[in-house]
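Tertiary structure, described
The primary structure of each chain is shown beneath.
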Amino acid sequence: SKPVLGIFDSGVGGFSVYKKIKEVSTANCVYYGDCARAPYGNREESEIQSFIKDDITFLKDEGVTHFVNACNSMSVVTTDTLLKECKVDSAKYTDMIRAFDAHASFGVEDKVLVMATVATIRSGIYQEVLSAKGVAVFEYVYKDLAGLIETNAKQEDILTLIEEGMKYAVEVSATHIVYGCTH
Ligand code: DGL
């Protein structure tokens, strides 16, 4: 059957990933956001994993053959075992953390601040991947940011929240920020 690329997220955030893929490829794409249950980022790991199964089942029913998981909160809890349970060939799957690990590089003096949802920071995966790249790592949780974006909150409220995190970036003299969230 014809390859169909399924790009998915808890909601609207992963649309940035969809747009980028459309820019650089001619792949036949389907975008799916689970807006009814977004955001995922404050949920327990097991609940996010069961949502991933639902999302992948939905995409398969739509004829999707290849997967890009555009949600960091999902990516960090997507194990190879989970992919096997979903009968997804890992060669036909990528996500934010797998792509980041494969492509991001830093200098040894760099201080990298990871900013992400509760689930993503709690998993410690970005911190692990960055430490393995030899840099100093800092972390910051944006607990309500995805929710505000998902509910179309006022721009000024969103900016106020973002600013808090930026103050922390200055405080730790971060040389790089990894915004580990598509929202
Ligand atoms: N877009 C998701 C991510 O990249 C976060 C939104 C959520 O909490 O569901 O982590």
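Our subject is the structure listed above.
Owing to the predicted nature of the structure, the values given are computational and were not obtained by experimental measurement.

Side note on the sheet that holds strand β3 (residues 66–69)
- Strand order across the open sheet formed by four strands is β2-β1-β3-β4, with parallel pairing between neighbours. Taken across any chain shown, the strands that pair with only one partner, and hence form the sheet edges, are β2 (29–33) and β4 (93–95). Between one strand and the next, the sheet's axes are offset by a mean angle of 15 degrees, whatever the strand orientation.
- Taken strand by strand, helix α1 (residues 15–24) contacts β1 (5–9), β2 and β3, and its axis lies near 170 degrees from that of β2.
- Strands in contact with helix α5 (residues 96–103) are β3 and β4; relative to β4, the strand with the most contacts, it is inclined by about 80 degrees.

Observations concerning the site of the ligand
- The environment of the ligand is formed by 13 residues, the closest being S10, Y40, G41, T182 and H183.
- With respect to the ligand, the side chain of D9 contributes an N or O atom lying 3.1 Å from a nitrogen atom.
- Contact distances for the ligand include 2.5 Å between a nitrogen atom and a side-chain N or O atom of H183.
- For the ligand, whose unbound accessible area comes to 300 Å², protein coverage reaches 99%.

Observations regarding the environment of A38
- Of note, A38 is situated in the loop between β2 and α2 (45–61).
- Discounting residues that sit within four places of it in the chain, A38 has contacts with S10, G11 and E150.

A closer look at the packing of aromatic side chains
- Counted under the stated rule, the structure contains ten aromatic pairs.
- On the basis of an interplanar angle of 75 degrees and a centroid distance of 5.1 Å, the ring pair of Y140 and Y142 is categorised as edge-to-face. For the pair Y140 and Y142, one class covers both residues: buried.
- An aromatic cluster is built from Y140, Y142, Y168 and Y179, whose rings are joined through pairwise contacts.
- The ring centre of F51 lies 3.8 Å from the NZ or CZ of R37, which sits over that ring.

Rules behind the numbers
Residues numbered from 1 in each chain as written. Predicted model: local features only at pLDDT ≥ 70, side-chain atom pairs only at ≥ 80, totals over all residues. Heavy atoms only, no water. Pairing = 2+ DSSP bridges. Helix = DSSP H or I, 4+ residues; strand = E, 2+ residues; numbered from the N terminus. Axes fitted to C-alpha atoms, helices over the stretch in contact; angles between N-to-C directions. Contact = heavy atoms within 4.5 Å. Near = heavy atom within 4 Å. Polar contact = N/O pair within 3.5 Å; in protein donor to acceptor, adjacent residues only side chain to side chain. Areas by Shrake-Rupley, 256 points an atom, 1.4 Å probe, with all protein chains shown as cover. Phe/Tyr/Trp six-rings, centres within 6.5 Å; stacked < 30°, edge-to-face > 60°. Buried < 20%, exposed > 50% of the residue type's maximum accessible area, 1.4 Å probe, protein only. Lys NZ or Arg CZ within 6 Å of the ring centre and 35° of its normal.

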